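# Tertiary structure, described
If you want the building blocks of each chain, they are given just below.
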Amino acid sequence: MAFALTLVEKINRARADMRLGVPVLLSGPDGAALVLAAEVATPQRLADLRGLGGELVLALTRHRAETLKARAYDGDLARVIVPQEMDCAWLRALADPADDLRHPMKGPLMTKRDGQADLHRAALALVKSAQLLPAVLVLPLPDMQAVQDLGLTMLDAELLRAELQRETVLAPVISARLPMVAAQAGRVHIFRPRDGGVEHYAIEIGQPDRTKPVLARLHSACFTGDVLGSLKCDCGPQLQAALAQMGREGAGVLLYLNQEGRGIGLANKMRAYSLQDQGFDTVEANHRLGFEDDERDFRIGAGLLRTMGFRQVRLLTNNPRKVEMLDAHGLNVVERVALRVGETDENRAYLATKAAKSGHLL
Ligand SMILES: Nc1nc2c(ncn2[C@@H]2O[C@H](COP(=O)(O)OP(=O)(O)OP(=O)(O)O)[C@@H](O)[C@H]2O)c(=O)[nH]1
Ligand SMILES: [Zn+2]
């Protein structure tokens, strides 16, 4: 059919629907379900879901379930039964740990053990990709007819998950000269993913020889550190020091990857910061929100370097995972160049946690 939407186009619509609080229809071999992000659920939409009948559950990741003392029978996720009398405030309290300490008792929460969790798993992957809290209402639909004419976005859960896991393909959009304090001979390249995701940037210093190892940095966006000069992390000084070293050596490439907050987005990172003010460390805060410690896809950086013609790098990092991921995805890391700058009283504990729990090198 002319203008039939592709899977990628439908996923982008579904992502926008999720952020708007519009349900999405997911289907699989064992049936279909309407899914709605808990963070943005309204009383009207909750009533609409209940009007269809059926057993409403809230899908949470294993990390969030652990904090809430809910049994995760599915391993990586829990399906919490939503009692009839519970409202949007209750759902939000389960999704968002902000008030966990003030109101610790939300349960006892009953979780499902029987039945399949495939649709729930796909729904969680979709809300995460929309940078919402990983908590989704799931209503199984015995009869699709009731929702057929509503114009909701429909997706096959298996195809959705496979597509979300696929390596992002980036295409160059434009590059232009940018003289910088760190280096006169700078050039900014913009890359756009084919899957409708966010753009990433490469800052090339000088004219690095593609046949030799290039001094490289994979820098993940940190609005608070890079722009505001936050003292809570070391990102701003690392960014400046990396550019300065490339300027001194006369050549290098810095990838500025829009993976804010280790891939959870700025809103969720600020939620994590708010939890850190309650006494949790950077890893615990991510877990309480329902995320993994690090949700970044480092294949993006590897792909970008390859696209730009680089095969061997001297990587500026303290994170051994970056080295492993580049090595695993077609780059030869001939040297790890330590990048220890910007330690402050405010970020000392953060850096120590990264060393103790995430294997960062001191
Ligand atoms: N979720 C979360 N993200 C954070 C926190 N503090 C900083 N970040 C993010 O962490 C990322 C740090 O990125 P990088 O400096 O590239 O990576 P790294 O893993 O620290 O490794 P190297 O700096 O290369 O040693 C950025 O995306 C920041 O926004 C935090 O407390 N919670
Ligand atoms: Zn930072």
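Residues numbered from 1 in each chain as written. Chains lettered and ligands numbered in written order. Predicted model: local features only at pLDDT ≥ 70, side-chain atom pairs only at ≥ 80, totals over all residues. Heavy atoms only, no water.

## Digging into the packing of helix H10 (residues 266-276) against helix H11 (residues 282-289)
When two helices pack together, you describe them by how their axes are tilted relative to each other and by the distance separating the axes. Stated formally: Between the N-to-C directions of two axes lies an angle of 0 to 180 degrees, each axis being a line fitted to C-alpha atoms and, for a helix, fitted only over the stretch in contact. Secondary structure elements follow DSSP: runs of H or I of four or more residues count as helices, runs of E of two or more count as strands, with numbering from the N terminus. Orientation labels follow simple angle bins: below 35 degrees gives roughly parallel, above 145 gives roughly antiparallel, 65 to 115 gives roughly perpendicular, and whatever is left gives oblique. Here a crossing is called left-handed whenever its near helix is offset anticlockwise from the far helix by less than a right angle, and right-handed whenever the offset is clockwise. Note on definitions: a residue-residue contact is assigned when non-hydrogen atoms from the two residues lie within 4.5 Å. Classes in brief: Ala, Val, Leu, Ile, Met, Phe, Trp, Tyr, Cys and Pro nonpolar; Asp, Glu, Lys and Arg charged; the others, Gly included, polar.
Running from N to C, H10 and H11 point in directions that differ by 120 degrees, and their axes come no closer than 9 Å. Taken together, the axes of H10 and H11 lie oblique to each other. The handedness of the crossing between H10 and H11 is right-handed. Contact residues: H10 offers Asn268, Arg271, Ala272, Leu275 and Gln276, while H11 offers Thr282, Ala285, Asn286, Arg288 and Leu289. A per-class count over the contact of H10 with H11 returns 4 nonpolar, 4 polar and 2 charged.

## Let's talk about the site of ligand 1
Test applied: Neighbouring residues are identified by heavy atoms, a residue being near a molecule or strand if any of them is within 4 Å of it. We define a polar contact as two N or O atoms separated by no more than 3.5 Å, with the added condition that, inside protein, one atom must be a possible hydrogen donor and the other a possible acceptor, whereas residues neighbouring each other in sequence contribute only through side-chain atom pairs. Each accessible area value is a Shrake-Rupley result obtained with a 1.4 Å probe; residue values ignore everything except the protein chains displayed when judging cover.
Residues in close proximity to ligand 1 total 26 residues, the closest being Arg217, Gln276, Thr317, Lys322 and Lys354. Contact between ligand 1 and Thr317: an oxygen atom at 2.6 Å from a side-chain N or O atom of the residue. In the complex, the protein chains occlude 99% of the 660 Å² of accessible area that ligand 1 would expose alone. At the level of secondary structure, the elements contributing two or more residues to the shell around ligand 1 comprise strand S10 (214-220), helix H8 (235-249), helix H9 (260-263), H10, H11 and helix H14 (348-358).

## Here's the deal with the UniProt feature "binding site: GTP" (unreviewed entry) in the chain
The condition that has to hold: UniProt positions are given in the numbering used here, feature names are shortened, and annotations may be inferred rather than shown by experiment. Buried, partly exposed and exposed residues are distinguished by accessible area as a fraction of the type maximum, computed with a 1.4 Å probe on protein chains only: under 20%, between the cut-offs, and over 50%, respectively.
Under the present numbering, the feature "binding site: GTP" (unreviewed entry) in UniProt falls on Arg217, Leu218, His219, Ser220, Ala221, Gln238, Glu260, Gly261, Arg262, Thr282, Thr317 and Lys322. Across 106 residues in sequence, these annotated residues place their C-alpha atoms as far as 22.5 Å from one another, rather than forming a single compact spot. Within the fold, Arg262 resides in helix H9. On the basis of relative accessible area, Arg262 is assigned to the buried category, the value being 18%.

## Some details on the nonpolar core
Defined as follows: Throughout this description, the term nonpolar core refers to a set of buried Ala, Val, Leu, Ile, Met, Phe, Trp, Tyr and Cys residues connected via side-chain atoms within 4.5 Å.
Counting 37 residues, the largest nonpolar core has Leu58, Val80 and Leu137 as its most contacted members. For this core, the secondary-structure elements that each account for two or more residues are strand S2 (31-37), helix H2 (43-51), strand S3 (57-61), strand S4 (77-81), helix H4 (88-95), strand S5 (135-141), H10 and H11. Ranked by residues supplied to this core, first place goes to H4 with 5 residues. In this structure, Leu137 is in contact with Leu34, Val35, Leu36, Ala41, Leu46, Leu49, Leu56, Val57, Leu58, Val82 and Leu91, ignoring residues within four places of it in sequence.

## Some points on the pairing of strand S13 (residues 332-337)
What counts here: Here, any two strands with at least 2 DSSP bridges between them count as paired. Seen with its strands pointing away from the viewer, a crossover is right-handed if its path from the first strand over the helix to the second goes clockwise.
Relative to S13, strand S12 (residues 312-316) runs parallel, the two sharing 5 bridges. Within S13, the residue paired with Arg314 across the bridge is Glu335. Running through helix H13 (residues 320-328), the crossover from S12 to the neighbouring parallel element S13 is right-handed.

## Side note on the UniProt feature "active site" (unreviewed entry) in the chain
Under the feature "active site" (unreviewed entry), the UniProt entry names Asp294 and Arg296. For Asp294, the position within the fold is in the loop between H11 and helix H12 (299-307). What makes Asp294 buried here is its relative accessible area of 18%. With a relative accessible area of 12%, Arg296 lands in the buried category. Apart from the residues lying within four places of it in its own chain, the contact partners of Arg296 are Ser220, Gln259, Arg262, Gly263, Asn319, Arg321 and Lys322. In terms of polar contacts, Arg296 uses its side chain to reach the side chain of Ser220, at 2.8 Å.

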